[in-house]
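# Understanding the architecture of this molecule
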Amino acid sequence: MVLGAPLQIVDGEEVPGVWLEKRLLEAIKIYQKKKSMIVVTGSNPNSVRFEGDIMKEYLIKSGVKSEHIISETRAMNTVANAFYVGLILKKMDRFPTKIFLVTSSFHMTRSKKLFDPILRDGFGFKCEMECVEAEDGMSSEERKKRDIVEVRIANNFEPHVRLAIARAREGSSKLYRD
């Protein structure tokens, strides 16, 4: 699964930004070795199109078969990424024994802290989760500062994690009430 990130405008068209492109390149490396399904997840209320759909187009242009990509377009934060990916995985005919979580290096601490309890405690998944960190281009000093922010953000999401776990256990298809 590849988590969304900011898009950029190139020649009037929304395309993956630097962080997102690096995440997608990591997913392509995994795909070339494993030929497994790729779930791309992300939405952005400030964009004309969904991040998930833009990621899918990028992957197809890079040689990934369309039928090997699932685009999730409802998630607007990392908790929602985990919840909606959990719903997708729950619907699969055969649940994978291993999943790859692909995001930027700076974002991995938060992502792992949020994905683990939602997938394990909410959806009951017992599979191995391998974390694949895409290069984020930050210096070690920038990274230290960002790590502090990421832990704070993850802690602030704790009520959302509890909600996601409860919604998953009750079988809801919505994280937040519309």
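Predicted model only: the values in this text are computed from it and were never measured.

### As for the overall build of the chain
On a plain count of helices and strands, the chain comes out with 6 helices and 7 strands. Counting from the amino terminus, helix and strand elements in the chain follow one another as β-β-β-α-β-α-β-α-β-α-β-α-α. Along the three orthogonal principal directions, the C-alpha set of the chain runs to about 45 × 40 × 35 Å. Burial status across the chain gives 47% buried among its 178 residues. In the chain, once contacts between residues fewer than 6 apart in sequence are set aside, the share between residues at least 24 apart is 71%. When the accessible surface of the chain is totalled, it reaches about 9,500 Å², and 51% of it is carbon and sulfur. Positive and negative side-chain charges of the chain, numbering 30 and 25 respectively, have mean locations separated by a distance of 5 Å.

### Things to note about the nonpolar core
Core analysis: the largest hydrophobic core is formed by 30 residues, its most contacted members being Met 1, Val 79, Phe 83, Phe 115, Ile 118 and Phe 123. Of all the secondary structure elements, the ones that give two or more residues to this core are helix H3 (78-91), strand E6 (98-104), helix H4 (105-122) and helix H6 (158-170). Contact partners of Ile 118, with chain neighbours within four places excluded, come to Val 79, Ala 82, Phe 83, Phe 123, Val 161, Ala 164 and Ile 165.

### Quick look at the pairing of strand E5 (residues 69-72)
In summary, the side chains of a regular strand alternate between the two faces of the sheet. Two strands pair when backbone bridges link them, and strand E4 (residues 38-41) and E5 are joined in this way by 4 bridges, in the parallel orientation. When the sheet's bridge partners are listed, Val 39 is paired in E5 with Ile 70. A crossover connection joins E4 to the parallel E5 through helix H2 (residues 51-61); in handedness this β-α-β unit is right-handed.

### Some points on helix H1 (residues 18-34)
Between its first and last C-alpha atoms H1 spans 25 Å; for 17 residues at 1.5 Å apiece the expected length is 24 Å, and the two agree. Among the residues of H1, Leu 20, Arg 23, Leu 24, Glu 26, Ala 27, Ile 28, Ile 30 and Tyr 31 are the ones counted as buried. Downstream of H1 by one or two residues, Lys 35 has phi in the positive range, about 50°.

### Overview of the pattern of salt bridges
Evaluation of the coordinates by the stated rule reveals 12 salt bridges. Ionic pairing is found between Arg 146 and Glu 150, a salt bridge with its closest N-O pair at 2.8 Å. Linking Arg 146 with Glu 150, this pair stays in helix H5 (residues 140-156), spanning 4 residues, or about one helical turn. On the basis of relative accessible area, Arg 146 is assigned to the partly exposed category, the value being 24%. Between Glu 158 and Arg 162 there is a salt bridge, with the nearest N and O atoms lying 3.9 Å from each other.

### Considerations on the packing of H4 against H6
Helix-helix packing is characterised by the crossing angle of the two axes and by the distance between the axes. Where H4 meets H6, the closest approach of the two axes is 9 Å, and the angle between their N-to-C directions is 25°. Relative to H6, H4 is oriented roughly parallel. As for how H4 packs across H6, the hand of that crossing is right-handed. Here Leu 114, Pro 117, Ile 118, Asp 121 and Gly 122 of H4 lie close against H6, whose contacting residues are Val 161, Ala 164, Ile 165, Ala 168 and Arg 169.

Definitions and cut-offs
- Residues numbered from 1 in each chain as written.
- Predicted model: local features only at pLDDT ≥ 70, side-chain atom pairs only at ≥ 80, totals over all residues.
- Heavy atoms only, no water.
- Helix = DSSP H or I, 4+ residues; strand = E, 2+ residues; numbered from the N terminus.
- Buried < 20%, exposed > 50% of the residue type's maximum accessible area, 1.4 Å probe, protein only.
- Contact = heavy atoms within 4.5 Å.
- Areas by Shrake-Rupley, 256 points an atom, 1.4 Å probe, with all protein chains shown as cover.
- Lys, Arg positive; Asp, Glu negative; His and termini not counted.
- Charge placed at Lys NZ, Arg CZ, Asp CG, Glu CD.
- Core = buried A, V, L, I, M, F, W, Y, C linked by side-chain atoms within 4.5 Å.
- Pairing = 2+ DSSP bridges.
- Right-handed = clockwise from strand over helix to strand, strands pointing away.
- Expected span 1.5 Å × (residues − 1).
- Salt bridge = Lys/Arg side-chain N within 4 Å of Asp/Glu carboxyl O.
- Axes fitted to C-alpha atoms, helices over the stretch in contact; angles between N-to-C directions.
- Parallel < 35°, antiparallel > 145°, perpendicular 65-115°, else oblique.
- Left-handed = near helix turned anticlockwise from the far one by under 90°.

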